[in-house]
Amino acid sequence: MIKINSFNNFIGKKQIIDNLKIYINSCKINNLPLEHCLFYGLPGTGKTTLAKIISNELKRNIHIVQGSMIQKPIDIINLLLSINDNDILFIDEIHAVNTNCFELFYSAMENNVLDINIGKDFNSKLTRIDLPKFTLIGATTILGKIPQPLEDRFGIIMNLNYYDEEEIQKIIIFYANKLKVNLTDEEIIKLIEPCKGIPRLAYKFIRRIKDFRLWKSEISIKEILFKLGYIHKGYTNNDYLYLKSLVENQNNLSIKTISQILGLNELTIELKIEPYLIKMGLINKSSKGRTISKKGIEVYKRLLKNN
């Protein structure tokens, strides 16, 4: 695993990086913790990496936990009582935290206190526990699942969306150099579209190219991509099957129907397949269902030919 520990090694998202540098510089000068941060966007766009870089830049300890692991109030209580002054608490996929637990974060984030009820029924008593100053960094792929009161308590909210082609090209070169994978300029260009604007995919492709070329040194990028399920440019077999379902069933399909046709769960389709198809203008989503665009039909025909 290649570790990116500083802003100097983080490629792309210049405005976001520049702003974070300003916020970090300010809290250093004022000797205050960084304000709570919320990073949202597609998987693989650098949310966790940024949290670790912030920790490194501030020279603070970071506690990393998955939102799905926080399902009871006692989970949050134990978590908050384990942190020290100026620590960073990073919760990945924070939307997966049980909704019954969110309220405990409110006073902790706003006033650095933990309000808990001790006892049962008429014998219960509200107890306030002072907490150290800390920074909560939340990461989510589904911003809409974050309760508004929680979102309002984040002072810094940033969207990490698709990287542009120039950024992806630089990221491909960066990982190729780190992993000592020799690529021609033409091969680098061929990898840009399959990366779909996601740095994590670039890293995955370079690792797989290294594997395949240890097996067969002269294997082409096109052949490697095909073996990885990429039919044409950035489109996979799942993209083809998704478009095929719309063409053959006369559009306006619900996500439930598409899920049944493809044999994939709805969340996988919504997070892994649809975003790129929407970005490329191949499909439209509405209350009536999913429809394929004119461009989508053209791409489908090309994929059908190559499949």
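See the structure shown above.
Residues numbered from 1 in each chain as written. Predicted model: local features only at pLDDT ≥ 70, side-chain atom pairs only at ≥ 80, totals over all residues. Heavy atoms only, no water.

**Remarks on the packing of helix 10 (residues 237-248) against helix 12 (residues 266-279)**
1) Next: Viewed as axis vectors pointing N to C, helix 10 and helix 12 meet at an angle of 80°, and their least axial separation amounts to 10 Å. Overall, the two elements helix 10 and helix 12 adopt an arrangement that is roughly perpendicular. Residues Asn 238, Asp 239, Tyr 242 and Leu 243 of helix 10 form the contact with helix 12, whose participating residues are Ile 269, Ile 273, Glu 274 and Leu 277.
2) Next: When the residues that make up the contact of helix 10 with helix 12 are grouped by side-chain class, the tally is five nonpolar, one polar and two charged. (Axes fitted to C-alpha atoms, helices over the stretch in contact; angles between N-to-C directions. Helix = DSSP H or I, 4+ residues; strand = E, 2+ residues; numbered from the N terminus. Parallel < 35°, antiparallel > 145°, perpendicular 65-115°, else oblique. Contact = heavy atoms within 4.5 Å. Nonpolar A, V, L, I, M, F, W, Y, C, P; charged D, E, K, R; others polar.)

**Quick look at the nonpolar core**
1) Next: Core analysis: the largest hydrophobic core is formed by 52 residues, its most contacted members being Phe 39, Leu 50, Ile 54, Ile 172, Leu 183, Leu 191 and Ile 206.
2) Next: The element best represented in this core is helix 8 (residues 199-215), accounting for seven residues.
3) Next: In this view, Leu 50 contacts Phe 7, Phe 10, Ile 16, Ile 17, Leu 20, Phe 39 and Leu 160; residues no more than four positions away in its chain are not counted.
4) Next: Grouped together as the second largest cluster of nonpolar side chains are 27 residues, Leu 38, Ile 91, Ile 94 and Tyr 106 included. (Core = buried A, V, L, I, M, F, W, Y, C linked by side-chain atoms within 4.5 Å. Buried < 20%, exposed > 50% of the residue type's maximum accessible area, 1.4 Å probe, protein only.)

**Describing the packing of aromatic side chains**
1) Next: Going through the model one piece at a time under the given rule, you end up with six aromatic pairs.
2) Next: Relative to Tyr 300, the ring of Tyr 240 lies with its centre 5.7 Å away and its plane at 5°, an arrangement referred to as stacked. With Tyr 240 in helix 10 and Tyr 300 in helix 13 (residues 294-306), this residue pair connects regions lying 60 residues apart in the sequence.
3) Next: Residue class for Tyr 240 comes out buried when judged on its relative accessible area of 6%. (Phe/Tyr/Trp six-rings, centres within 6.5 Å; stacked < 30°, edge-to-face > 60°.)

**Considering helix 12**
Count 3.6 residues to each turn of an α-helix, and residues three or four apart come out pointing the same way.
1) Next: When the terminal C-alpha atoms of helix 12 are compared, their 19 Å separation across 14 residues agrees well with the 20 Å that a helix rising 1.5 Å per residue should span.
2) Next: Helix geometry: helix 12 is bent most strongly at Ile 273, by close to 40°, with proline Pro 275 lying one to four residues after it.
3) Next: Ile 269, Ile 273, Glu 274, Pro 275, Tyr 276 and Leu 277 are the residues of helix 12 that are buried.
4) Next: Buried positions along helix 12 lie against strand 9 (235-236), helix 10, helix 11 (255-262), strand 10 (283-286) and strand 11 (289-292). (Expected span 1.5 Å × (residues − 1). Bend = angle between axes of the 7 residues up to and from the residue.)

**Observations concerning the pattern of salt bridges**
1) Next: If you walk through the whole model with that rule in mind, you get twelve salt bridges.
2) Next: Close ionic contact of Glu 270 with Arg 290 constitutes a salt bridge, the shortest N to O distance being 3.7 Å. Taken together, the residues Glu 270 in helix 12 and Arg 290 in strand 11 connect sequence positions 20 residues apart.
3) Next: By relative accessible area, Arg 290 is classed as buried at 8%.
4) Next: Each of the salt bridges in this network shares a partner with another, and the network as a whole consists of Glu 270, Glu 274, Lys 285 and Arg 290. (Salt bridge = Lys/Arg side-chain N within 4 Å of Asp/Glu carboxyl O.)

**Remarks on the sheet that holds strand 3 (residues 87-92)**
1) Next: Strand order in the open sheet made by the five strands is 2-3-6-1-7, with parallel pairing throughout. At either end of the open sheet lies a strand with only one pairing partner, and these are strand 2 (62-66) and strand 7 (156-160). Strand-to-strand twist across the sheet, computed as the mean angle between neighbouring axes with direction ignored, equals 15°.
2) Next: Lying on the sheet, helix 2 (residues 47-58) is in contact with strand 1 (37-41), strand 2, strand 3, strand 6 (134-140) and strand 7; it crosses strand 3 at an angle near 175°. (Pairing = 2+ DSSP bridges.)

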